[in-house]
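These are the residues of each chain, in order.
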Amino acid sequence: MLKSPYHGGHLEVIVGPMFSGKSEELIRRVTRAVIARQNVQVFKPALDDRYHESKVASHAGRTVAALAVGSAAEIRAHLAGEGALLSDPGVSSLPDVVGIDEVQFLGPEVVPLALELAGVGVRVILAGLDLDFRAEPFGSMPDLLARAESVEKLTAICTVCGAPATRSQRLIGGQPARLSDPVVLVGAQESYEARCRVHHELRE
Ligand code: ADP
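Residues numbered from 1 in each chain as written. Predicted model: local features only at pLDDT ≥ 70, side-chain atom pairs only at ≥ 80, totals over all residues. Heavy atoms only, no water.

Caption draft 1: Up close: the overall build of the chain. Helices and strands together make up the secondary structure of the chain, namely four helices and twelve strands. Taken over the C-alpha trace, the chain has a radius of gyration of 18 Å; the compact-globule value for 204 residues is 17 Å, and the two agree within 12%. In the chain, which comprises 204 residues, the proportion classed as buried is 44%. Accessible surface for the chain amounts to roughly 10,500 Å². Of this, 52% is attributable to carbon and sulfur atoms. Charge centroids of the chain, computed over 21 positive and 25 negative side chains, lie 5 Å from each other. (Helix = DSSP H or I, 4+ residues; strand = E, 2+ residues; numbered from the N terminus. Rg over C-alpha atoms; globule rule 2.2 N^0.38 Å. Buried < 20%, exposed > 50% of the residue type's maximum accessible area, 1.4 Å probe, protein only. Areas by Shrake-Rupley, 256 points an atom, 1.4 Å probe, with all protein chains shown as cover. Lys, Arg positive; Asp, Glu negative; His and termini not counted. Charge placed at Lys NZ, Arg CZ, Asp CG, Glu CD.)

What follows is the structure, given as C-alpha cells:
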C-alpha cells in the first residue's frame, strides 16, 4: 500500500564537520526506529562504486547495517526499480525510514530523490558534511539544508584550542592542505582534524 504523504513524510538533515557525531546521531535515530519495529533502510556512498552490503560506522565504533551505493539512482533502483517513480502504484513497500550517511558525496540527484521520498510519506534522515576542507559549502548540502523540515548542526572539539569546531582541517604530510587542492583527494597521504574558525588553516 502506498504510504500517505500526510503521515510523517519529511526530511531531517544532520550536518557538521568531521568528528562532530553525525554518524552517531544518524545511528541513534535509526536504532530507535528499528526498536520501534519500523522498516528502516540505510545507504551510504560506496568509495569503490560497487553496490554491496556494508555498514555505517561512527568514529567511536557504533555501527548499523547499510547498503553501499554508487549514486542516488542506485538508491532509487533499490527502493522502486530502475527508473521508476517512487509514487508509481506498483511500488508497494517503501521503508518507513530511509537514512543516508556521507550524503555530500552523492550528486545533485539526491535532492529530488529525498524530496520524492518525503513526498510519499518516508522519514528521510540525511547526514553529511556541510563544508568541505576549504570551509566552502559542500555539493548539494545547501540545497538539502534549505529544504529540510529539521536541521541539526553539530560541532566537534577543536584539536588546537578546545572550542567548538565547525570545520574539517585537511592535513597533507602534517601540513595544511592548499586552497587549490581538489575537494576529493584520491590516494593521498591525508588526515583530518576538527578545528574552530580561528584555527582552520589553508595554504595559498
Ligand atoms: P562524524 O560522523 O561527524 O565524523 P562520528 O559520529 O563518526 O562523527 O564520530 C564522533 C566521535 O568522534 C566522537 O564521539 C568521539 O568519540 C570522536 N572524536 C574524535 N576526535 C574528536 C574531536 N576532535 N571532537 C569530538 N569528537 C571526536
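The discussion continues.
Caption draft 2: Up close: the site of the ligand. The environment of the ligand is formed by 15 residues, the closest being Lys 22, Ser 23, Glu 24, His 59 and Ile 157. One nitrogen or oxygen atom from the side chain of Glu 24 is found 2.8 Å from an oxygen atom belonging to the ligand. Ile 157 places a polar main-chain atom, nitrogen or oxygen, 2.9 Å from a nitrogen atom of the ligand. Bound to the protein, the ligand loses 73% of the 580 Å² it would expose on its own. Mapped by element, the contributors of at least two residues to the shell around the ligand are helix 1 (22-35) and strand 8 (156-157). Per-element accounting of the shell around the ligand gives the leading share, three residues, to helix 1. (Near = heavy atom within 4 Å. Polar contact = N/O pair within 3.5 Å; in protein donor to acceptor, adjacent residues only side chain to side chain.)

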